Amino acid sequence: MKILLIAGHGAGDPGAVGNGYREADLTRELVKLIATRLSKYANVTVFDISKDMYSYLKAGNGFNFKEYGYVVEIHFNAAAYDTGGDGKVTGSEILIHPQESGYSVEAEILQNLQALGYANRGVKRRNNLLNMNICKGRQGVSYALIEVCFIDDRDDIRLYERTKEQVAEAITSGIAKGFGLQAISAELPHPITNTPWYNDAQWWVKELGIADGTRPEEPATRAEVWQMLYRLGQKLGL
Ligand SMILES: [Zn+2]
């Protein structure tokens, strides 16, 4: 199975801020912790951490989610307004698209997080999230946005500081159990790949029908380049 991990925010957008942390830093750190573990069960790709998927798609760039069987985006929630700590953890929730047929994987993840002390706020359907609407709504690929805990709740963040390795484990084992994935030998995990630098161009040429978007690293002949230019010319009416 191929799984794409996305770290929320970044590329100039810090996301939510609280308790001395920036969401964009926490999401990147956790994505790394998950990728290492999850690569024992699946082929893991991490979306280029120098980019923010949201602003990337909002700018009109395409992304081929169809290459993946499951997409997970990591975020940290805000608006608990508890920077002093009241002894109560606000907790975790997972957002999914209205067209998602079930959420056994996400329920599994939340149960695992609950066992670590994160209150289970449940799986919620949302229809107004850009990345999710493109991934699941337009391309039909299952997508989960995990709000790990509240960055502006002192109790959540204290718990997270102590348990982030276990949080990565909880998310990994929830995905593995939910999809019935078997661990391969720990000595030989699947390689963790990053989305390639030409991803947007690859998607664009395929969408426009100028090239099929396959074998990206192979050289093209002059005739093939002529053909691609010809197809583009036809589209432009030249
Ligand atoms: Zn966020």
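What counts and what doesn't
- Residues numbered from 1 in each chain as written.
- Predicted model: local features only at pLDDT ≥ 70, side-chain atom pairs only at ≥ 80, totals over all residues.
- Heavy atoms only, no water.
- Domains from an automatic or database assignment.
- Contact = heavy atoms within 4.5 Å.
- Buried area = accessible area lost by both parts, 1.4 Å probe.
- Polar contact = N/O pair within 3.5 Å; in protein donor to acceptor, adjacent residues only side chain to side chain.
- Nonpolar A, V, L, I, M, F, W, Y, C, P; charged D, E, K, R; others polar.
- Donors = N, O, S within 2.8 Å, 3.2 Å for Na, K, Ca; no water.
- Helix = DSSP H or I, 4+ residues; strand = E, 2+ residues; numbered from the N terminus.
- Buried < 20%, exposed > 50% of the residue type's maximum accessible area, 1.4 Å probe, protein only.
- Patch = residues over 30% accessible without salt bridge, like charges linked within 9 Å, V, L, I, M, F, W, Y side chains within 5 Å.
- Areas by Shrake-Rupley, 256 points an atom, 1.4 Å probe, with all protein chains shown as cover.
- Salt bridge = Lys/Arg side-chain N within 4 Å of Asp/Glu carboxyl O.
- 1 Å grid on protein atoms, 1.4 Å probe; cavity = no way out; pocket = protein on both sides within 12 Å on 5 of 7 lines; lining within 4 Å.
- Points joined across faces, edges and corners; volume = space filled by probe spheres on them.

*Asks:* Outline the domain arrangement of the protein chain, listing residues and values.
*Replies:* One can read the domain layout of the protein chain as domain 1 (2-179) and domain 2 (198-236). Summarising the inter-unit geometry, the C-alpha centres of domain 1 and domain 2 are found 34 Å apart. Listed by partner, the interface residues are six residues for domain 1 and four residues for domain 2. Each partner contributes to the roughly 510 Å² buried at the junction of domain 1 and domain 2, and carbon and sulfur atoms together form 47% of this total. Between the two partners, domain 1 and domain 2, sit zero residue pairs in polar contact (both at pLDDT 80 or more). Looking at the side of domain 1 that touches domain 2, its residues break down into two nonpolar, four polar and no charged.

*Asks:* Got a sec to walk through the coordination of the zinc ion? Specific residues and values, please.
*Replies:* Coordination of the zinc ion by the protein comes from His9 (NE2), Glu23 (OE) and His75 (ND1), over a distance range of 2.1 to 2.2 Å. Of note, the donors binding the zinc ion are all from one chain and are spaced H-x13-E-x51-H. Separated by 14 residues along the polypeptide, His9 in the loop between β1 (2-7) and β2 (17-18) and Glu23 in helix α1 (residues 23-38) bring together distant segments of the chain. Look at His9 and you get buried, because its relative accessible area is 18%.

*Asks:* Summarise a nonpolar patch on the surface; cite the residues concerned and give the values.
*Replies:* A cluster of nonpolar side chains, contributed by Val225, Trp226 and Leu229, occupies part of the molecular surface with about 340 Å² of accessible area. If you trace the backbone, Val225 turns up in helix α7 (residues 222-236).

*Asks:* An account of the layout of surface pockets is requested, with residue identities and associated values reported.
*Replies:* It is the rolling of a water-molecule-sized probe over the atoms that shows where space remains empty. Of the volumes computed, that of the largest pocket is approximately 510 Å³. Along the walls of the largest pocket sit 19 residues, with Ala211, Asp212, Gly213, Thr214 and Met228 positioned nearest its centre. By residue number, the principal contributor to the lining of the largest pocket is α7, which donates four residues. Class assignment of the residues belonging to the lining of the largest pocket gives a composition of ten nonpolar, four polar and five charged.

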